[in-house]
Amino acid sequence: MAMDVASLAEAPQLSNKVKAEMAKKKMRPESPVLVRIFKQESELEVWKVDASGQYALFKTYPMCRWSGKLGPKKKSGDRQAPEGFYHVSAGMLNPNSQYYVSFNLGYPNRLESALGYTGEALMVHGACSSSGCYAMTDQGVGEIYAIVQRALEGGQQRFQVQAYPFRMTTQNMAKHRGDPNMPFWRTLKEGYDAFAFTRKQPKVSVCGGRYVFNKEFDGGEPSDPLAQCPAALSEPATDLVAKLGAEQKKLEAALATTTTVSSFAYMDGGMHPSFRTLLKQQGAKGLAARISRTKYPVSRPEAALADPYDD
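Residues numbered from 1 in each chain as written. Predicted model: local features only at pLDDT ≥ 70, side-chain atom pairs only at ≥ 80, totals over all residues. Heavy atoms only, no water.

It is worth spelling out the overall build of the protein at this point. A count of helices and strands for the protein gives eight helices and 14 strands. Taking the principal axes of its C-alpha atoms as reference, the protein extends roughly 55 × 45 × 35 Å. Looking at the protein as a whole, 50% of its 311 residues are labelled buried. Taking all contacts inside the protein whose residues are at least 6 apart in sequence as the whole, residues at least 24 apart take part in 63%. Only carbon and sulfur atoms are counted for the fraction: they give 51% of the accessible area of the protein, which is about 14,000 Å². Of the charged side chains in the protein, 39 are positive and 31 negative; the average position of the first set lies 3 Å away from that of the second. (Helix = DSSP H or I, 4+ residues; strand = E, 2+ residues; numbered from the N terminus. Buried < 20%, exposed > 50% of the residue type's maximum accessible area, 1.4 Å probe, protein only. Contact = heavy atoms within 4.5 Å. Areas by Shrake-Rupley, 256 points an atom, 1.4 Å probe, with all protein chains shown as cover. Lys, Arg positive; Asp, Glu negative; His and termini not counted. Charge placed at Lys NZ, Arg CZ, Asp CG, Glu CD.)

Listed below in structure tokens is the structure:
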């Protein structure tokens, strides 16, 4: 948020400041990138491969606006922002978005298409307006765009985006254990944990109507996302299996507890507390002028002020 809107170039470039931050963390501008999104916390993380050959957190960006509620997007017009695993190639970057710049998540992915989910043009973009997208402000998306574009130019064919309802800790899972999306979220947590334990991008397959992680299958990748998974030729490494098993037991114990569950009144999406403070201080027009070159209106500001996920 330190960057002035007026200083944004037409095409975002990797700034010397960002390059210096990468060098300090032993990351190269052209090294692979991975993005994680968390709705409840209204945060987007950019991870980069560092000198160790593993992913390390480069920076966490506050999200200005997302819409809908926790849970996956299933149909056009439901205002839901996607949850799942996506892969973004250079052709999915848009330097001429009405929200400054953007990249398409590729929703619906293969699994979502097979499940009959509908919708299109679900983006990470600028400004502070969302109807199923993740709005990062012009300054935020400009920096993110420059980072991912440089990685793609450096040889990464596509980067992975992991979109979650919240940070998939056992405590957060327990808070939401009565939610009908819990079976789906437990699958997402498998990918979340695989990345957390290895700091390597999980290999994502789809079969049996769900995501499957870090497996090689007889006959190659499953062609039918809804058919039973083929026999696995390889499983994740033994130490990873042990860690995932231990985490699974922790989750089972957390979900079995009888402690009162926190309830979240549904309003419409969320906004990072830092932007909510500005919204309260400067109003919707003042915030729009501060974070969007076109002063694009903040979507549903009243709902943003009543964000139920503001702990």
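Moving on: the packing of aromatic side chains. Two aromatic rings are characterised by how far apart their centres lie and by the angle between their planes. Scanning the entire structure with this criterion turns up 12 aromatic pairs. Between Phe 85 and Tyr 164 the ring centres are 6.0 Å apart and the planes differ by 90°, which places this aromatic pair in the edge-to-face class. Here Phe 85 is found in strand E5 (residues 84-89), whereas its partner Tyr 164 is found in strand E10 (residues 158-164), with 79 residues between them in sequence. For Phe 85, a relative accessible area of 2% corresponds to the buried category. Judged by its relative accessible area of 0%, Tyr 164 falls in the buried class. Taken together, the ring pairs in this structure connect Phe 38, Phe 85, Tyr 164, Tyr 192, Tyr 211 and Phe 213 into an aromatic cluster. Above the ring of Phe 38, the side-chain terminus of Arg 167 is found at 4.1 Å from the ring centroid. (Phe/Tyr/Trp six-rings, centres within 6.5 Å; stacked < 30°, edge-to-face > 60°. Lys NZ or Arg CZ within 6 Å of the ring centre and 35° of its normal.)

Turning to the pattern of salt bridges, a few remarks are in order. For the coordinates displayed, the defined rule picks out 15 salt bridges. Among the salt bridges present, the one from Arg 28 reaches Glu 30, with a minimum N-O distance of 2.8 Å. Assessed through its relative accessible area of 48%, Arg 28 is described here as partly exposed. The partly exposed category is assigned to Glu 30, whose relative accessible area is 30%. When the shortest N-O distance is used, the salt bridge between Glu 247 and Lys 250 registers 3.7 Å. With Glu 247 and Lys 250 both in helix H6 (residues 238-256) and three residues apart, the pair spans about one turn of that helix. In the salt-bridge network here, residues are joined through shared partners; they are Arg 36, Glu 43, Glu 45 and Arg 167. (Salt bridge = Lys/Arg side-chain N within 4 Å of Asp/Glu carboxyl O.)

In space, the five strands of this open sheet follow the order E4-E9-E8-E7-E6, with mixed pairing throughout. Lying at the two open borders of the sheet, with one neighbouring strand each, are strand E4 (65-66) and strand E6 (93-97). By the bridge criterion, three bridges tie E6 to strand E7 (residues 100-104) in an arrangement that is antiparallel. Bridge pairing in E7 links Leu 93 to Phe 103. Here helix H3 (residues 138-153) sits on the sheet in contact with E6, E7 and strand E8 (123-125), set at roughly 55° to E7. (Pairing = 2+ DSSP bridges. Axes fitted to C-alpha atoms, helices over the stretch in contact; angles between N-to-C directions.)

Within the structure shown, the criterion is met by two disulfides. Disulfide pairing places Cys 64 opposite Cys 128 at an S-S distance of 2.1 Å. Looking along the S-S bond of the Cys 64-Cys 128 disulfide, the torsion reads about -90°, which is the left-handed sense. Within this pair, whereas Cys 64 is found in the loop between strand E3 (55-62) and E4, its partner Cys 128 is found in the loop between E8 and strand E9 (134-135), the two being separated by 64 residues in sequence. (Disulfide = S-S within 2.5 Å.)

An α-helix turns once every 3.6 residues. As a result, residues three or four positions apart point the same way. An ideal rise of 1.5 Å per residue puts 27 Å on 19 residues; H6 measures up with 27 Å between its terminal C-alpha atoms. For H6, the set of buried residues is Leu 240, Glu 247, Leu 251, Ala 254 and Leu 255. Along the axis of H6, the buried residues cluster in a sector spanning 90°; they form a single face. For H6, the exposed residues lying more than 90 degrees away from the buried face are Thr 238, Ala 242, Lys 249, Ala 253 and Ala 256. (Expected span 1.5 Å × (residues − 1). Arc of directions from axis to C-beta.)

Taking 1.5 Å as the rise per residue, helix H7 (residues 273-291) with 19 residues should run 27 Å; its terminal C-alpha atoms sit only 15 Å apart, a clear shortfall. Within H7, the axis deviates most sharply at Gly 283, by approximately 115°. When we look at burial in H7, the residues that qualify are Phe 275, Arg 276, Leu 278, Leu 279, Leu 287, Ala 288 and Ile 291. Looking at the buried positions of H7, the neighbouring elements they touch are E3, H3 and helix H8 (301-305). (Bend = angle between axes of the 7 residues up to and from the residue.)

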